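# Descriptive analysis of the structure
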Amino acid sequence: MKELSKKLDLKYTVHLVKDGFYGKQDAQGNWKGMIGEVVRSEADLAVASLTITAMREKAVELTKPFMQTGIGIILRKDIVSSESHFFEFLNPFSKETWIGILIAYLMTSVCLFIVARLSPCEWSEPQTEGNRFTLLHSFWYAAGALTLQGAGPQPKALSVRVISVIWWLFTVVLLASYIASFSSMRNSDSAKLSIETFEDLAKQDIIEYGTIRDSSTFSFFKNSNHPTYRMIYEHMQRRHSLVSSVEEGIRKAQGGSFAFIGESVSLDLAVARYCSLTRVPEVIGMRGYAVATALGSPLVKNLSVAILQLTESGELEYLREKWWATTCVSKEGGSSGPLNPHCLGGIFFILAGGLALGVLLALVELAVKSKTSAEEQKKSCCSVFSEELSCRFRNSSSKKDRDVPEKSKA
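The rules we used
Residues numbered from 1 in each chain as written. Predicted model: local features only at pLDDT ≥ 70, side-chain atom pairs only at ≥ 80, totals over all residues. Heavy atoms only, no water. Buried < 20%, exposed > 50% of the residue type's maximum accessible area, 1.4 Å probe, protein only. Helix = DSSP H or I, 4+ residues; strand = E, 2+ residues; numbered from the N terminus. Pairing = 2+ DSSP bridges. Contact = heavy atoms within 4.5 Å. Axes fitted to C-alpha atoms, helices over the stretch in contact; angles between N-to-C directions. Parallel < 35°, antiparallel > 145°, perpendicular 65-115°, else oblique. Left-handed = near helix turned anticlockwise from the far one by under 90°. Nonpolar A, V, L, I, M, F, W, Y, C, P; charged D, E, K, R; others polar. Core = buried A, V, L, I, M, F, W, Y, C linked by side-chain atoms within 4.5 Å. UniProt positions renumbered as here; feature names shortened; annotations may be inferred. Patch = residues over 30% accessible without salt bridge, like charges linked within 9 Å, V, L, I, M, F, W, Y side chains within 5 Å. Areas by Shrake-Rupley, 256 points an atom, 1.4 Å probe, with all protein chains shown as cover. Salt bridge = Lys/Arg side-chain N within 4 Å of Asp/Glu carboxyl O. pLDDT = per-residue confidence, 0-100.

Buried residues dominate strand 7 (residues 258-263), accounting for six of its six residues. Where strand 5 (residues 67-76) lies against strand 7, four bridges are found, and the strand directions are antiparallel. Looking across to strand 7, one finds that I71 is bridged to E263. For strand 6 (residues 208-210) and strand 7, the ladder comprises three bridges, and the chain directions are parallel. When the sheet's bridge partners are listed, E208 is paired in strand 7 with F258.

Printed below as a string of structure tokens:
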């Protein structure tokens, strides 16, 4: 109304409808609710989630729709299972956790490769023999440990063994957490109902369901010839599960085993405000919301044009995103969610410490050997240490050159 008043230079006052209804006819054909107030000239406009119907179109003038809606279902998250998908086996860990595991695997493999080259206990003669822990073998060794399968050859040096043990501990905790989380998710979903359509709702008898009494949604089910919708209408009539307002329906849905059937736009707003609720995917009976004026009112044309202008300029979409924005950031109701890096932060920290310790031990082992060699060769320890490093990380082309004449002789 604020945006419409700017477009049309209107001044308006807002009051709530006296009887609390949107608009329905009584037994004598008289209109109640907002439609009745417009018909009796008690109000110039009716602005609300007022659904366009054939009966209302006969009684009042309705503008172009300012919002599209349909009929949906909301209920508590903890009584309905989540939708399954092809990659559901990835659900136990969050996306950030999987990325962290991949980075940990790559870093551990590279550290194994580096430490195996640094440690003289693992690679004692770099000039004459090849290193067993090549980069490819390091990746294979780490992958084997990740699946609890051994991959030889096994390390000999203390520094490499430290990294191996820490990586084994990391994988055991990781696999235990994955299995526990996956089992919890499966057990949780198996105890819940799978409701994704109105047919699913109609075929079960555990959850009660209902809609607003004498509303346009109620009339949709009452007048429908669809077998599923007729079944839902007859169930609501038989069980007397109708409610008097949207607020009551939402309150009953929050309370437990009750599914509230209403207009999807209103339900989406409730889901955005109450994090314990969820809306099922299916939406039926698409229709629009409109502003109602008295028959023959000169306002209806200008209001329709203004609504179309607001739609074309994106103002209505902006208002929808603004007021329907949700603040729900976590799952409620005790349901199991994916483990994030914060939950497994301790084991990642231990792994990082183990990698650092392994590299440090390898440097110490190399330094001890360099000191011994320096004393034998009467050289400085730093120069021997530098020569050892360069020898262990440069390409062993000289070794290949020596191998060629030997093969020729053979």
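Another aspect to go through is the sheet that holds strand 3 (residues 45-46). In space, the three strands of this open sheet follow the order 3-10-4, with antiparallel pairing throughout. The strands lining the two open edges of the sheet, one partner per strand, are strand 3 and strand 4 (61-62). Relative to strand 10 (residues 292-293), strand 3 is paired through two bridges, and the arrangement is antiparallel. Across the sheet, residue A46 finds its bridge partner in strand 10, namely A292.

Residues of helix 8 (residues 216-223) that are buried include every one of S216, T217, F218 and F221, and no others. Looking at the buried side of helix 8, the elements it contacts are strand 5, helix 7 (198-203), helix 9 (227-239), strand 7 and strand 9 (284-289).

Time to look at the pairing of strand 5. Of all 10 residues in strand 5, nine are buried, a share of seventy percent or more. Sheet topology places strand 5 next to strand 9; four bridges connect them, and they run antiparallel. Within strand 9, the position partnered with M67 by the bridge is Y289. Summarising the sheet, strand 5 and strand 8 (residues 277-279) pair through three bridges and their orientation is antiparallel. Paired with R76 across the strands is L277, a residue of strand 8.

Moving on, we come to the packing of helix 4 (residues 95-118) against helix 15 (residues 381-393). Two elements in contact, helix 4 and helix 15, have axes separated by 9 Å at closest approach and are oriented at 130°. In terms of their interaxial angle, helix 4 and helix 15 are classed as oblique. Viewed along their axes, helix 4 and helix 15 form a crossing whose handedness is right-handed. Every residue of helix 15 that contacts helix 4 at I114, R117 and L118 is listed here: L389, R392 and F393. Grouping the amino acids of the contact of helix 4 with helix 15 by side-chain chemistry returns four nonpolar, no polar and two charged.

Here we come to the nonpolar core. Grouped burial of nonpolar side chains is what soluble globular proteins tend to show. F93, V160, I163, W167, F170, L174 and L351 are the most contacted members of the largest nonpolar core, which totals 28 residues. For this core, the element with the most residues is helix 4, which contributes eight residues. Apart from the residues lying within four places of it in its own chain, the contact partners of W167 are A104, Y105, T108, A142, A145, L146 and L351. By size, the runner-up hydrophobic cluster in this structure holds 21 residues, among which are A202, F221, Y229 and L242.

Look at the UniProt record and you will see "site: Crucial to convey clamshell closure to channel opening" (unreviewed entry) annotated at I195. Inspection of the secondary structure assignment puts I195 in the loop between helix 6 (158-190) and helix 7.

Looking at the secondary structure, you find Y289 in strand 9. Between the alpha carbons of Y289 and F182 there is a distance of 44 Å; along the sequence they are 107 residues apart.

Moving on to a nonpolar patch on the surface. Taken together, the side chains of F86, F87, F89, L90 and W98 present a nonpolar region at the surface, about 540 Å² in accessible area. Examined against the element boundaries, F86 turns out to sit in the loop between strand 5 and helix 4.

Averaged over the chain, the pLDDT score is 85; the fraction of residues at 70 or greater is 90%. Taken element by element, the predicted model of the chain shows its lowest mean pLDDT in helix 16 (residues 397-409) (43) and its highest in strand 10 (95). In this model residues 331-335 is a low-confidence stretch, pLDDT under 50, and it forms five contacts with partners more than four residues away in sequence or in other chains. Confidence drops under pLDDT 50 across residues 395-410; counting only partners more than four residues distant or on other chains, this segment forms five contacts.

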